[in-house]
Amino acid sequence: MIVLRSLSMLIFGLWLGCGSAQADKRVALVIGNSAYKNAPRLANPVNDAGLVGGMFRNAGFDTVEIRLDLNASEMRRSLRDFAARTRDADMAVIYYAGHGIELDGSNYLVPTDAMLETDGDVLDETIALDRALYAVEPAKQLRLVILDACRDNPFAKTMKRTLASRAIGGGLAKVEPTSPNTMIAFAAKAGSTASDGDSRNSPFAVALTDHLPKPGLDLRKAFGFVRDDVLKKTGNKQEPYVYGSLGGSDVPLVPVRPAAAAGPQANPQDSVRKDYELALQAGLREAWEAFLQTYPDGFYANLARVQLKKIAAEEDRTVATEKARLAEQEKARLATERAQKAEQEKAAAAAKAAEEARIAAEKAKQVEQAKAEAAERDRKAAEAAAAKSLAEKRALEKAATEAAAKQAADKQAADAESRKVAALSPPPPNAAPPGDLAKSVQGELRRVGCLSSAADGDWNAATQRSLTLFNKYAGTQVDAKLASVDALDALKAKPGRVCPLVCNFGFKADGDQCAKITCRAGYHVGDDNECEKIQEKKPVAARENSKRRDSDRRDAESTAPKSQASGQMICNGAGCRPVAKGCRLGLVPNANASLKITGEVCN
């Protein structure tokens, strides 16, 4: 049994190793140079490197190395070490942010210690782009180099020309990779410069992190979306460009992970069950004892102990049978030798006791045998129920996966139809379609808790009221009559809920939703919308003075009713609280009395 179990564990380990080896290995090197010693400091490359490096890590890359403010020797060493890691990789990516320079049609990356007093110093003090391409070349499936290095280079303006005919460009030169499945992405088209933008990160870096990590999205389409975003943010002044080509199959940076229901799911009890069946086939005490040493607890451990009791009962029966046989032999011997009567009686008594012990052991064996059979039946029934439950779960997950796939296919079809319509009547430059803008604003209104209806792109009265409500609580003054980019920017600037969350009695705020309040036994929801203990009812006397009862009733009817807490909750930017006693939720005018909003109305 031990040999069989060891063999099964070896096979499982080999299978696990093969399964791990089949996964694609992805590696990335991210370099950001900002602190130039002989030129003004760049603000964004270090920030962009951190943003893009975090994107690669979140995308599940096996190794992501982020290096900042490297001099020439450090850049060469980083590229050399990265080239060693790409030898067994399927996908290798290098991202560089900093200064770059073009000299006689060749591109170079500028380290932080470069001086570049003359054009001849470029060959000694910079790193050729070909060196980065050489570092990614060993990758088997995809080689990608992303250059956010098309900035206005101050070195090109100050360096001396040793040859008047030597060309020094303002941006980077066009390049065509010679290796297959290689792509080079520029932040700006060849010969033009890129913008750092007005924020912490450049428009190109932000667009990369928005589109590259989308699972299953082909890189060529992803860089197309990056180009559109950068053109929009820079007013068509900066156009990213991609050089190189890939094959006909989609090449995503982040592959689509298979759904859980697509393949068989391993049952954690399968290995225990297999070992139990091996021990059952062996049927030896040693096998069951070894099983219990490995699995001392659980359902199968209890079954193993039943089997051990069965074996013990069989051993007791065998011993009793042997004793009875020996007693019979002794009795026969004494009788043959004409032993004395006392000895014969003693032998007869011993034989009788041995026979009774044998019978008792036989009965005990039968009892344990019945228990073992019952336990085996329970085991098979439990395994059948578990298999049925697993099959039903897989069926439900498969149905859910198919429904999600159908929904995605319908969405793609709808997007394709929308693109066809957009192609027939193109919108004006730099302007998003009105329906898409309205739908985006409605989606943001739902996120900040000001709109409860679906984001359908219809700018109706309910949407206008929701935007007016946002203006009140956010302190903004955007026009609510139509969807605008200003409204969308103001909504995106708010990280969380803005409009208050109102919950009915018996419910309380839980994040962005109202959850029902559940009290433990003996408690109920009180007037303040909190759980309180149920007061025991005092016994009422069987007889009561009718005149006093009528008098109390008249007094109660004439007395003004006390204000009661409504049990409602009101939430705003400062948090949630119960509505005060004597108050309720209702419509109250806002600051300029142009619209009534939900608020606290008190007597």
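Cut-offs used in this document
Residues numbered from 1 in each chain as written. Predicted model: local features only at pLDDT ≥ 70, side-chain atom pairs only at ≥ 80, totals over all residues. Heavy atoms only, no water. Disulfide = S-S within 2.5 Å. Helix = DSSP H or I, 4+ residues; strand = E, 2+ residues; numbered from the N terminus. Buried < 20%, exposed > 50% of the residue type's maximum accessible area, 1.4 Å probe, protein only. Expected span 1.5 Å × (residues − 1). Arc of directions from axis to C-beta. Phe/Tyr/Trp six-rings, centres within 6.5 Å; stacked < 30°, edge-to-face > 60°. Lys NZ or Arg CZ within 6 Å of the ring centre and 35° of its normal.

A.B. asks: Talk me through the state of the cysteines; I want residue IDs and the actual numbers.
C.D. replies: Across all of its chains, the model carries two disulfides by this definition. With its sulfur 1.8 Å from that of its partner, cysteine 450 forms a disulfide with cysteine 499. The sign of the S-S torsion, about 90°, decides the handedness of the disulfide formed by cysteine 450 and cysteine 499: right-handed. Of this pair, cysteine 450 sits in the loop between α13 (434-447) and α14 (461-474) while cysteine 499 is found in the loop between α15 (485-492) and β11 (507-510), placing the two residues 49 residues apart along the sequence. When sorted by exposure, cysteine 450 lands in the same class as cysteine 499, which is buried. A disulfide bridge connects cysteine 519 with cysteine 531, and the sulfur atoms are separated by 2.0 Å. Across the S-S bond linking cysteine 519 and cysteine 531, the dihedral sits near -90°, which makes this disulfide left-handed.

A.B. asks: Describe helix α9 (residues 270-282), with residues and values.
C.D. replies: Compared with the 18 Å implied by 1.5 Å per residue over 13 residues, the 19 Å span of α9 between its first and last C-alpha is a close match. When we look at burial in α9, the residues that qualify are Val272, Asp275, Tyr276 and Ala279. Angular distribution of buried residues about the axis of α9 spans 105°; they occupy a single face of the element. Of the exposed residues in α9, those oriented more than 90 degrees away from the buried face are Lys274 and Gln281.

A.B. asks: So, the packing of aromatic side chains: which residues are in play, and what are the values?
C.D. replies: In the structure shown here, the tally under the stated rule is nine aromatic pairs. Note on tyrosine 276 and tyrosine 300: the rings are 5.4 Å apart at their centroids and 55° apart in plane angle, and the pair reads as tilted. Of this pair, tyrosine 276 sits in helix α9 while tyrosine 300 sits in helix α11 (residues 299-336), and the two are 24 residues apart along the sequence. The class for tyrosine 276 is buried, based on a relative accessible area of 0%. Residue class for tyrosine 300 comes out buried when judged on its relative accessible area of 6%. Where tryptophan 288 meets phenylalanine 291, the ring centres are 6.3 Å apart and the plane angle is 80°; that geometry is what we call edge-to-face. With tryptophan 288 and phenylalanine 291 both in helix α10 (residues 285-294) and three residues apart, this pair spans about one turn of that helix. An aromatic cluster is defined as three or more aromatic residues linked by ring pairs; in this entry it consists of Tyr276, Trp288, Phe291, Tyr295, Phe299 and Tyr300. One Lys or Arg, lysine 472, reaches over the ring of tyrosine 473 and ends 4.1 Å from the middle of that ring. The ring of tyrosine 523 carries the charged tip of arginine 520 above its face, separated from the ring centre by 4.1 Å.

Note that all results are geometric; they support no functional claim without further evidence.
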